Amino acid sequence: MARTYPGVPFERYCDDVVVHCRSKAQADAVRDAIGARMEQVGLQLHPEKTRVVYCKDSNRKGTAEFEQFTFLGYTFRPRLAKGTKNGAFFVSFSPAISRDAQTRIRNTIRDWRIHRRSDLTFAEIVARINRYVAGWIAYYGRFYKSALYVALRGINNYLMRWAKRKFKHLRRSSKRAWLALKAIYDREPGMLAHWKFGVAPT
């Protein structure tokens, strides 16, 4: 890239690369050149994952076969955005946590089996949750926070079920367990990382 296409920016992480081109013709040429270079060293581009993506937004009209891609757990695609100056909505080609990453997070939360850990105190539960969730928020929470909300909402439900199992006076009423959880949130909304992020019990 430095020798042949010094003016074409790109990002690389291990064997995943994103190259930014100004036109489809340039993208096709760069892809073919990279493929030829890979063959010289006994490698090849992945035939299914290697594709030219049209980064469509309000300034780019028309359509293409591929209009999104995923890189490092983020899916980049056309999304509705709101302007900071005039508040007008427009289409921006921007990132948000990918569906696969959302699924991995939900599966991890499920595997904690919080609702069955009545042997733990609430403080211990909080510490376990925050250890993971703070990291997810730091990585995935910078763009389109609402997409991460979807993956984190289930934590509150598991906490409610934990409270029902832990405390006898809450066992017969999910509503009372929710109210107890919400009361804790009202007192200390920053106690849990996802509460502070905006995923509150409602």
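One can find the structure itself at the top, above this paragraph.
First, a word on scope: everything that follows refers to the structure included in this document. What you see is a predicted model, and the numbers here were worked out from it, not measured in a lab. All chains use their own residue numbering, which begins from 1 and follows the written sequence. For a predicted model such as this one, the threshold for reporting local features is a pLDDT of at least 70, and the threshold for listing and counting side-chain atom pairs is 80 or more; totals across whole chains, interfaces and linings nevertheless cover every residue. The side-chain figures draw on all heavy atoms in the structure; neither hydrogens nor water molecules are used.

Pairing of aromatic side chains here covers Phe, Tyr and the six-membered ring of Trp, requires ring centres within 6.5 Å, and sorts the geometry by plane angle: under 30 degrees stacked, over 60 edge-to-face, intermediate tilted. One pass over the full model with this rule turns up 13 aromatic pairs. Both rings, one in Y149 and one in F197, keep their centres 5.2 Å apart while their planes meet at 75 degrees; by these two values the pair is edge-to-face. Taken as a pair, Y149 in helix α4 (residues 145–152) and F197 in helix α7 (residues 193–197) lie far apart in primary sequence, 48 residues in all. Each residue gets one of three labels from its accessible area relative to the maximum for its type: buried under 20%, exposed over 50%, partly exposed in between, using a 1.4 Å probe on protein chains only. Classification of F197 by relative accessible area gives buried; the value is 11%. Considering the side-chain rings of W162 and F167, the 5.8 Å spacing of their centres and the 90 degrees angle between planes classify their relative orientation as edge-to-face. For W162, a relative accessible area of 2% puts it in the buried group. Its relative accessible area of 35% is what places F167 among the partly exposed residues. The structure contains a cluster of three or more aromatic residues connected by ring pairs, namely Y74, Y139, Y140 and F143. Two conditions define a charge located above a ring, namely a distance within 6 Å from the ring centre to NZ of Lys or CZ of Arg, and an angle within 35 degrees of the ring normal. Over the face of the ring belonging to Y144 we find R79, whose NZ or CZ atom lies 5.3 Å from the ring centre. Note on conventions: DSSP H or I runs of at least 4 residues are helices, E runs of at least 2 residues are strands, and numbering of each starts at the N terminus.

In this description, strands pair whenever DSSP reports at least two bridges between them. Pairing in this open sheet of three strands is antiparallel, and the strands run β3-β4-β5 from one edge to the other. Strands at the two margins of the open sheet, each flanked by one partner only, are β3 (69–71) and β5 (89–97). Mean inter-strand twist for the sheet, computed between neighbouring axes without regard to direction, equals 50 degrees. Angles shown run from 0 to 180 degrees and are taken between the N-to-C directions of axes, each axis being a line fitted to C-alpha atoms and, for helices, limited to the stretch in contact.

Looking at where R60 falls in the secondary structure, it is placed in the loop between α1 (24–40) and β3. Each C-alpha atom, one on R60 and one on S92, is 10.0 Å from the other, the two residues being 32 residues apart in sequence. Ignoring sequence-local partners within four residues, the contact set of R60 consists of Y54 and C55. A distance of 2.9 Å separates a polar side-chain atom of R60 from the backbone oxygen of C55. For this analysis, a polar contact is any N or O atom pair within 3.5 Å, provided that within protein one partner can donate a hydrogen and the other can accept it, and provided that sequence-adjacent residues contribute only side-chain to side-chain pairs. Separated by 2.8 Å, the side chains of R60 and D57 make a polar contact. The contact rule is simple, with two residues in contact once any of their heavy atoms fall within 4.5 Å.

Grid spacing is 1 Å over the protein atoms alone, the probe is 1.4 Å, and a cavity is where that probe fits but cannot get out, while a pocket is an open set with protein on both sides within 12 Å along at least five of seven lines and lining residues have an atom within 4 Å of a point. Grid points are joined across faces, edges and corners, and a volume is the space filled by probe spheres set on the points. Estimates place the volume of the second largest pocket at around 370 Å³. Contributing to the lining of the second largest pocket are 18 residues, with T70, T75, I97, S98 and R99 lying nearest its centre. Residue assignment for the lining of the second largest pocket shows that the elements contributing at least two residues are β3, β4 (74–82), β5, α2 (99–112) and α4. A total of four residues in the lining of the second largest pocket trace back to one element, the largest contributor, which is α2.

This part is about a positive patch on the surface. Like-charged residues within 9 Å of one another, or nonpolar side chains (Val, Leu, Ile, Met, Phe, Trp, Tyr) within 5 Å, are grouped into patches, provided each residue has over 30% relative accessible area and no salt bridge. All accessible areas in this document rest on Shrake-Rupley with a 1.4 Å probe, and a residue is counted as covered only by the protein chains that are shown. Whenever Lys or Arg places a side-chain nitrogen within 4 Å of a carboxyl oxygen from Asp or Glu, that contact is recorded as a salt bridge. Charge convention: Lys and Arg are scored as positive, Asp and Glu as negative, and His as well as the terminal groups of each chain are ignored. To locate a charge, the coordinates of NZ of Lys, CZ of Arg, CG of Asp or CD of Glu are taken. Among the surface-exposed residues, R113, R116, R161, R165, K168 and R171 lie close enough to one another that they form a single positively charged patch. Along the chain, the position of K168 falls in the loop between α5 (154–166) and α6 (174–187).

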